[in-house]
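Given next are the chains, with one letter for each unit.
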Amino acid sequence: MTLPASPADPAAPTAPAADLWKPVLTRAVVALAFGAVTVFWASPSASEMGWAGGLYLLATGVTVIRGIDKFGLAAHQPAGKVLAAGGAAMTGAGVAVALLGSELVFGVVAALGLGLLAAAELYLGILHRGRSVLSRDWLASGVIGLGTAVALPFFIGLGAHALLGVAGGGAIISGVLWILAALTLRHDARSVSNEAVN
């Protein structure tokens, strides 16, 4: 349950939007689609890896930034700014990875983007523990993202397929997490709206 923000606590989240499940589901679909591509792609070139990974990072970053208000975080509050910075890091990393398309760039820049968003999510998960419906999901997603970010540079020498495999594995795990969160949020929103009608 989310508590409303009080003027005394600028970090407190406001009530999330009733359609909060939509950006959460979008993020899940983006992650699972990228993960599926990496599973079935046997021999991507460095350029193809760059475009696939870059589009994933870019789409994730944009989805996070667009969802800030629906998450109950005001963009002008510190928590909203932290998540916006993490989303911007993912977006920037996505553009760089797509345009530069090399194993080194993917292993370093994608790791930075993933790591910064993961750190932002961990921060929000800890800050809003017990006050936001997404706090546990942010914590879990932050841990998954940091793990992926730490692992990526160690796979640079193994080539594009290995790098996509590591990034795709993290995407699949986080995609499953976010799809479960979206389904739960949608169910809860329907229950609340049914109670309001009755």
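What you are looking at is a predicted structure, and each value in this text was computed from that prediction instead of being measured.

K.L.:
Where do I start with the overall build of the chain in this structure?
P.N.:
The helix and strand inventory of the chain stands at 6 helices and 0 strands. Out of the 198 residues in the chain, the part that is buried amounts to 48%. Restricting to contacts in the chain with at least 6 residues of sequence separation, those with at least 24 account for 74%. If you sum the accessible surface of the chain, you get close to 9,400 Å²; carbon and sulfur atoms cover 70% of it.

K.L.:
How do you make sense of the side chain of Thr38 when you look at a structure like this?
P.N.:
On the secondary structure map, Thr38 appears in helix H1 (residues 21-40). According to the relative accessible area criterion, Thr38 is buried, its value standing at 7%. Contact partners of Thr38, with chain neighbours within four places excluded, come to Leu164 and Gly168.

K.L.:
What is the right way to read the packing of aromatic side chains from this model?
P.N.:
A ring pair, where both rings are aromatic, is described by two values, the distance of the centres and the angle of the planes. For the structure shown, the criterion picks out 1 aromatic pair. For the ring pair Phe34 and Tyr56, a centre distance of 4.3 Å and an interplane angle of 5 degrees mean the geometry is stacked. Of this pair, Phe34 sits in helix H1 while Tyr56 is found in helix H2 (residues 46-67), placing the two residues 22 residues apart along the sequence. Overall, Phe34 belongs to the buried group, its relative accessible area being 5%. We note Arg186 situated over the ring of Trp21; from NZ or CZ to the ring centre the distance is 4.7 Å.

K.L.:
Just checking my understanding: could you explain a nonpolar patch on the surface for this structure?
P.N.:
On the surface, Trp51, Leu55, Val95, Leu99 and Leu100 cluster together to form a nonpolar patch covering roughly 530 Å² of accessible area. Listed by contribution, the elements that provide at least two residues to the nonpolar patch are H2 and helix H3 (78-100). The biggest single contributor to the nonpolar patch is H3, with 3 residues. Within the element layout of this structure, Leu99 appears in helix H3. On the basis of relative accessible area, Leu99 is assigned to the exposed category, the value being 63%.

K.L.:
How do you make sense of the pattern of salt bridges when you look at a structure like this?
P.N.:
Oppositely charged side chains may form a pair once their charged atoms are brought near each other. Within this structure, the stated rule accounts for 1 salt bridge. Between Arg27 and Glu121 there is a salt bridge, with the nearest N and O atoms lying 2.4 Å from each other. Of this pair, Arg27 sits in helix H1 while Glu121 sits in helix H4 (residues 103-127), and the two are 94 residues apart along the sequence. Per residue, the accessibility class of Arg27 equals that of Glu121, and both read buried.

The rules behind these values
- Residues numbered from 1 in each chain as written.
- Predicted model: local features only at pLDDT ≥ 70, side-chain atom pairs only at ≥ 80, totals over all residues.
- Heavy atoms only, no water.
- Helix = DSSP H or I, 4+ residues; strand = E, 2+ residues; numbered from the N terminus.
- Buried < 20%, exposed > 50% of the residue type's maximum accessible area, 1.4 Å probe, protein only.
- Contact = heavy atoms within 4.5 Å.
- Areas by Shrake-Rupley, 256 points an atom, 1.4 Å probe, with all protein chains shown as cover.
- Phe/Tyr/Trp six-rings, centres within 6.5 Å; stacked < 30°, edge-to-face > 60°.
- Lys NZ or Arg CZ within 6 Å of the ring centre and 35° of its normal.
- Patch = residues over 30% accessible without salt bridge, like charges linked within 9 Å, V, L, I, M, F, W, Y side chains within 5 Å.
- Salt bridge = Lys/Arg side-chain N within 4 Å of Asp/Glu carboxyl O.

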